[in-house]
Each structure stands twice: as C-alpha cells, then as structure tokens.
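This is what each chain is made of:
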Amino acid sequence: MASDESRRVSDLGTLKAFGHPLRMKLYRALYIARQATASQLAEQVDEAVSLVSYHLRKLAEHGLIEEAEGQGSDARERWWQPASKGLRFHDEDFRDAPEKAATHAAVSRLSFEQHVDMYRRHLDATPAWAPEWRRASFSSEYLARLNPEELAALEREMDALVERYEAQGRTRQEAGDTENRENVALHLYGFPFRT
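Residues numbered from 1 in each chain as written. Predicted model: local features only at pLDDT ≥ 70, side-chain atom pairs only at ≥ 80, totals over all residues. Heavy atoms only, no water.

Caption draft 1: The arrangement of the packing of helix H3 (residues 38–45) against helix H4 (residues 49–61) in detail. Interhelical geometry of H3 versus H4 gives an angle of 110° and a closest axis separation of 9 Å. The angle between the axes of H3 and H4 places the two elements in the roughly perpendicular class. As for how H3 packs across H4, the hand of that crossing is right-handed. For the pair H3 and H4, contact is made by Ala-38, Ser-39, Leu-41, Ala-42 and Val-45 and by Val-49, Val-52, Ser-53 and Leu-56, respectively. Of the residues contributing to the contact of H3 with H4, the split by class is seven nonpolar, two polar and no charged. (Axes fitted to C-alpha atoms, helices over the stretch in contact; angles between N-to-C directions. Helix = DSSP H or I, 4+ residues; strand = E, 2+ residues; numbered from the N terminus. Parallel < 35°, antiparallel > 145°, perpendicular 65-115°, else oblique. Left-handed = near helix turned anticlockwise from the far one by under 90°. Contact = heavy atoms within 4.5 Å. Nonpolar A, V, L, I, M, F, W, Y, C, P; charged D, E, K, R; others polar.)

Caption draft 2: Expanded view of H4. Helix length check: H4, at 13 residues, gives a terminal C-alpha distance of 18 Å against a target of 18 Å (1.5 Å per residue), a fit within 8%. Residues of H4 that are buried include every one of Val-52, Ser-53, His-55, Leu-56 and Leu-59, and no others. Of the surrounding secondary structure, the elements contacted by the buried residues of H4 are helix H1 (12–18), helix H2 (21–33), H3, strand E3 (65–67) and strand E4 (79–82). Where H4 terminates, the next one or two residues include Gly-63, which has phi positive at roughly 75°. (Expected span 1.5 Å × (residues − 1). Buried < 20%, exposed > 50% of the residue type's maximum accessible area, 1.4 Å probe, protein only.)

Caption draft 3: Fine view of the side chain of His-115. Positionally, His-115 belongs in helix H5 (residues 98–125). What makes His-115 buried here is its relative accessible area of 16%. Ignoring sequence-local partners within four residues, the contact set of His-115 consists of Arg-28, His-187 and Tyr-189.

Caption draft 4: Main features of the packing of aromatic side chains. In total, this model carries five aromatic pairs according to the counting rule given. Their ring planes at 85° and their centres at 5.7 Å tell us that Phe-18 and Tyr-27 sit as a pair that is edge-to-face. Both residues of the pair, Phe-18 and Tyr-27, belong to the buried class. For the ring pair Phe-112 and Tyr-189, a centre distance of 5.5 Å and an interplane angle of 75° mean the geometry is edge-to-face. With Phe-112 in helix H5 and Tyr-189 in the segment after helix H7 (148–174), this residue pair connects regions lying 77 residues apart in the sequence. Judged by its relative accessible area of 43%, Phe-112 falls in the partly exposed class. For Tyr-189, a relative accessible area of 42% translates into the label partly exposed. Among the aromatic residues, those joined into a cluster by ring pairs are Phe-18, Tyr-27, Tyr-31 and Phe-89. It is Arg-34 that lies over the ring of Tyr-31; its NZ or CZ is 4.4 Å from the centre. (Phe/Tyr/Trp six-rings, centres within 6.5 Å; stacked < 30°, edge-to-face > 60°. Lys NZ or Arg CZ within 6 Å of the ring centre and 35° of its normal.)

And the structure:
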C-alpha cells in the first residue's frame, strides 16, 4: 500500500469511477488480499480476467489502486495493490451541484446494497461456520440522542478502535498466527433519523 492514510475522494470523476458494482467488489477483494493479480481477483469475483483487467485499469487511472512493485516472476503478470489505507466519501464534497449529489447518493446506495448482500450471504451460511464463529458474530443496533459533534467524535473513536484491531490482526498473521483467521466485515452507519 502506497499510503498508510485513508484517501478522501472529493472529485466527481473518481467517485464515478469507483461507483461501478464490479469495481467496488474488486477494490474490496484487493483491499483484503493487499496485493493480487487480475487472474486471482477474477476468480474471487467470478468474472473474466479481461473484464477484471479493464476495471482494475480504470481504478488505477483514478489513483485508487496502483501496481505493486517486486511481485511475481513473470514480467507479463501485473500485480495490483490499494493506493491508500482506505477510501472516504463525504457528502459535503458533492452537494454543490445536482449531478455530484446524485452520484454521491447512488454510490452510497450501491455500497449499502453490497453490504446488505454480504450480510445476507453470511446469514445463509451461518450453519456452516464453526460454533466459535457463530458465537463471535454479532448484529447490533444502538439508538442514541447525540448532536453532530458527538456523532462525529463517536465515528472517530470507532474508526480508531477498528484500525487498532485490524493492525493487530495483520501483525499477528504476518508473524505466522494464521489458524482460524478469517476475513471479517464490520459495517457501521451513524445517521440522524426522526420517528
């Protein structure tokens, strides 16, 4: 990964480039793998290598991913990696024009739909997981009365907590602690609502 920081995407072109269902899946798969080839990613998303290569190049054109140096023994084989620790999209960067606001809303909905799809697949597969994974999995809803500053502070604290666990898991895995280690999705949403 080139940058240890999350990238804040604030331009419409990059948002549109990312806002494709397959590109979102490819980015997620590459983020988990840290480095992979188009062939490896094509197998994960069940698509043709040529199609995956095309979409990877589109993500790279906007600086969302980049070629990974020093990987592979075949000069024809291109390895990719995320260009940053993650991506962030903020409403305030896209509300100054109707097309920007509509694109941000569409990308947000698509992301949410993919999250829901992941969770549905988890629910369908729950009986196949070992008991310790079934006990550790959770779904929670918290309803709080907060002001905008408190909600923003909560998000920063939760982000730091998740980053700490993610770094701990990667460090342990790199040290050889790989037994019973799985990819884990944690989707959090914090938003105001009225009953």
